[in-house]
Amino acid sequence: MAGTGRTPTAWSNWGGNQHSMATAVLRPTTVAEVAEQVRSATGERIRPVGSGHSFTPVAVTDGRRMDLSRLAVDVQVDADRRLVTVPAGMTLRELNSLLAAHRLALPNLGDVDAQTVAGAISTGTHGTGAGHGGLATFVEALTLVTGTGEILHCSAEQHPDVFDAARISLGALGVLVEVTLRCVDAFVLRAHERPAHLDTVLAELPDLIDRHDHVEFFWFPYTTRVQLKTNDRTTADDRPLPRWRSWLDDDFMANSVFAAACRLGRAAPALAPPISAVSARVLSERAYTGRSDTVFCTPRRVRFTEMEYALPRDALPEALGALRRIIDGLPFKVLFPVEVRFTAADDIWLSHSYGRESAYIAVHQYVGMPYEPYFRAFEHVATGLTGRPHWGKLHWREAASLADAYPRWQEFQQVRARLDPHRTFTTPYLDTLLGPHPTT
């Protein structure tokens, strides 16, 4: 079959904590070829795989792995209507460049742009901003190849139930091959980053969220200090970050120096608290302007593992208080700061922010350091606060507990049974996460 690799091929994710060996690698070049490969699966599983930026086993397969990087889909840009249609295997970095060339942009982004469009929306990737949902909320339409090989075009008007389920679906409903995104006119952000005290930020948080387009902060364990970051739209790119300052802060300090500090902390754990304290104080205040995607996205070369939970926004202080006690009581040290972000409520069935404004708490650990007791302890707290785990970040929740967290869980299962009757897209991990494949 065209586009099929027959030699078992090893795969690992960016974080290096997930690995698999496929029986074949499928590299379709057309949507028709995707449909043919699905119809020809004859009982063997197919797993579409993006850039490998999920920490969970969501992309792990012992069947066939499908790589969409060669998929040819006509890019369509309607600048007047602010719509763009792109292949699902396009990376966010490529998409941002495409949009900039047409004086368009996505309304919001996370801080990583290496993900594919399909991977980013399917796992609930998000940025921060109380007025913005995750990237999946920007999807206006999508094309899905179902488990029967049917090519299904979905939107709020066409197959609306599939549309609501497929925008965040973990690849369980089919292969996303084409996505239409609603954009905005290109815009400039003014970024302001400054050190602050955690208690002060928490006390001022409602006002900060109301006053700024995008708010996030990083708390440094073993300290009371945070780095507060706000981004706001502005009319002119009149204060660009000098190239040397960008290299110094975002490349050298945030990657090279931070990596060295993490290696030192891993070798001598007792140094972790003073390293965290120094890291918190080394970061200075800065303000600058830039094209939106260049401000949102930053290089991430220091490897880590991560878990992230979406909580009701008013649960944030209680969750952070518990997290501080967890970290202080661990038998090992934590080398990474804790990241806190915010999103608006949305109506996507498996969205972490379905039906509620959310605060996201992301906990990280440097590669090679123990993390499971840390993550599990915080997961226990977050679950008790009705938290929902990020689909692309480590967690240990299973279908029985997740079903209660998502009001539209059963509707999703019904769509899953209908679109994938032969279980072509399931995996052992998905059976644990979503439950045994339902029958129609």
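Structure first, text after, so check above.
What counts and what doesn't
Numbers given for residues are sequential positions, taken from 1 along each chain in its written order. Where local features are concerned, this predicted model is filtered to residues with pLDDT of at least 70; where side-chain atom pairs are given and counted, the filter is 80 or more; whole-chain, interface and lining totals use all residues. Processing note: side-chain calculations cover all non-hydrogen atoms of the structure and skip hydrogens and water entirely. The way it works is that DSSP assigns letters per residue, a run of H or I at least four long becomes a helix, a run of E at least two long becomes a strand, and they are numbered from the N terminus. Our radius of gyration is a C-alpha quantity, and the globule rule it is checked against amounts to 2.2 Å times the number of residues to the power 0.38. By the convention used here, residues are in contact when the closest approach between their heavy atoms is within 4.5 Å. Note on areas: Shrake-Rupley, 1.4 Å probe, and residue coverage restricted to the protein chains presented here. In this analysis, strands are considered paired if DSSP registers two or more bridges between them. Lines are fitted to the C-alpha atoms to define the axes, a helix being fitted only along its stretch in contact, and any angle between axes, read from their N-to-C directions, falls within 0 to 180 degrees. Two aromatic rings from Phe, Tyr or Trp, using only the six-membered ring of Trp, form a pair when their centres are within 6.5 Å; if the ring planes differ by under 30 degrees the pair is stacked, by over 60 it is edge-to-face, and anything between is tilted. Between buried and exposed lies partly exposed: a residue is buried under 20% and exposed over 50% of the maximum accessible area for its type, with that area taken using a 1.4 Å probe on protein chains only. Criterion for a charge above a ring: Arg CZ or Lys NZ at most 6 Å from the ring centre, at most 35 degrees from the ring normal. In this description, the term disulfide denotes a pair of cysteine sulfurs within 2.5 Å. Put simply, angles under 35 degrees are roughly parallel, angles over 145 are roughly antiparallel, angles from 65 to 115 are roughly perpendicular, and the rest are oblique. In a left-handed crossing the near helix is turned counterclockwise from the far helix by less than a right angle, and in a right-handed crossing that turn is clockwise. By the convention adopted, Pro, Cys, Tyr, Trp, Phe, Met, Ile, Leu, Val and Ala count as nonpolar, Lys, Arg, Asp and Glu as charged, and the other residues, Gly among them, as polar. One side-chain nitrogen of Lys or Arg within 4 Å of one carboxyl oxygen of Asp or Glu is enough to make a salt bridge.

### Concerning the overall build of the protein
Assigned secondary structure in the protein consists of 13 helices and 21 strands. In terms of C-alpha radius of gyration, the protein reaches 21 Å, essentially the compact-globule figure of 22 Å for 440 residues. Projecting the C-alpha coordinates of the protein onto the three principal axes gives extents of approximately 60 × 50 × 40 Å. Within the protein, counting contacts between residues at least 6 apart in sequence, those at least 24 apart form 73% of the total. Carbon together with sulfur atoms contributes 52% to the accessible area of the protein, which is approximately 17,800 Å² in total.

### Let's talk about the sheet that holds strand β11 (residues 151-155)
Two modes of strand pairing occur in sheets, parallel and antiparallel, and in both the strands are linked by backbone hydrogen bonds. Pairing within the open sheet is antiparallel, and its five strands lie in the order β7-β8-β12-β10-β11. If you trace the sheet from one side to the other, it starts and ends with β7 (76-78) and β11, each paired once. The average undirected angle you get between the axes of adjacent strands in this sheet is 15°. Note: strand β10 (residues 139-145) against β11, five bridges, orientation antiparallel. Along β11, the bridge assignment pairs L144 with L152.

### Focus: the packing of aromatic side chains
Applying the stated criterion to the full structure yields 10 aromatic pairs. Judged by centre distance (4.8 Å) and plane angle (75°), the rings of F258 and F336 are edge-to-face. On the criterion of sequence distance, the pair formed by F258 in helix α6 (residues 243-267) and F336 in the loop between α9 (316-329) and β19 (338-343) is long-range, its members being 78 residues apart. The exposure class assigned to F336 is buried, which follows from its relative accessible area of 9%. A cation over an aromatic ring shows up here: R233 above the ring of F187, its NZ or CZ 3.8 Å from the ring centre.

### Details of the environment of V58
Along the chain, V58 turns up in the loop between β5 (46-49) and β6 (64-67). Between the C-alpha atom of V58 and that of L430, which follows or precedes it by 372 residues, the distance is 7.1 Å. The contact partners of V58, leaving out residues within four places of it in the chain, are R47, L170 and Y429.

### With respect to the state of the cysteines
Counted by the stated rule, this structure contains zero disulfides. Distance from the sulfur of C297, which forms no disulfide, to the nearest cysteine sulfur (C183) is 14 Å. You can call C297 buried: its relative accessible area is 10%.

### Examining the sheet that holds strand β20 (residues 358-366)
Pairing is antiparallel across the open sheet formed by eight strands, whose spatial order is β17-β14-β16-β15-β19-β20-β18-β21. Since the sheet does not close on itself, it has two edges, and those belong to β17 (286-291) and β21 (388-389), each with one partner. Two elements, strand β15 (residues 214-219) and β19, share three bridges in a ladder whose sense is antiparallel. Across the sheet, W219 pairs through a bridge with V338, a residue of β19. Sheet contacts for helix α5 (residues 198-211): β14 (188-197), β15, β16 (225-234) and β19; angle to β15, the most-contacted strand, approximately 165°.

### Examining the pairing of β17
Burial analysis of β17 places five of its six residues in the buried class, the great majority of the element. Pairing analysis gives six bridges linking β14 to β17, with the strands arranged antiparallel. By the bridge assignment for β17, H192 is matched with A287.

### Examining the packing of α9 against helix α10 (residues 372-384)
Put simply, α9 and α10 touch, their axes get as near as 10 Å, and they point 150° apart. With respect to α10, the element α9 is oriented roughly antiparallel. Where α9 crosses over α10, the two elements pack in a sense that is right-handed. For the pair α9 and α10, contact is made by A319, A322, L323, I326 and I327 and by Y374, A377, F378 and V381, respectively. Here the contact of α9 with α10 is composed, by residue class, of nine nonpolar, no polar and no charged.

### Considering the pattern of salt bridges
Taken as a whole and judged by the stated rule, the model has 23 salt bridges. The salt bridge involving D111 is made with R300; its shortest N-O contact spans 3.3 Å. With D111 in the loop between β9 (104-105) and α3 (117-122) and R300 in the loop between α8 (292-296) and β18 (304-312), the pair connects residues that are 189 residues apart, well separated along the chain. A relative accessible area of 31% places R300 in the partly exposed class. Across the pair E339 and R341 runs a salt bridge, and its minimum N-O distance is 3.6 Å. Each of the two residues, E339 as well as R341, counts as buried.

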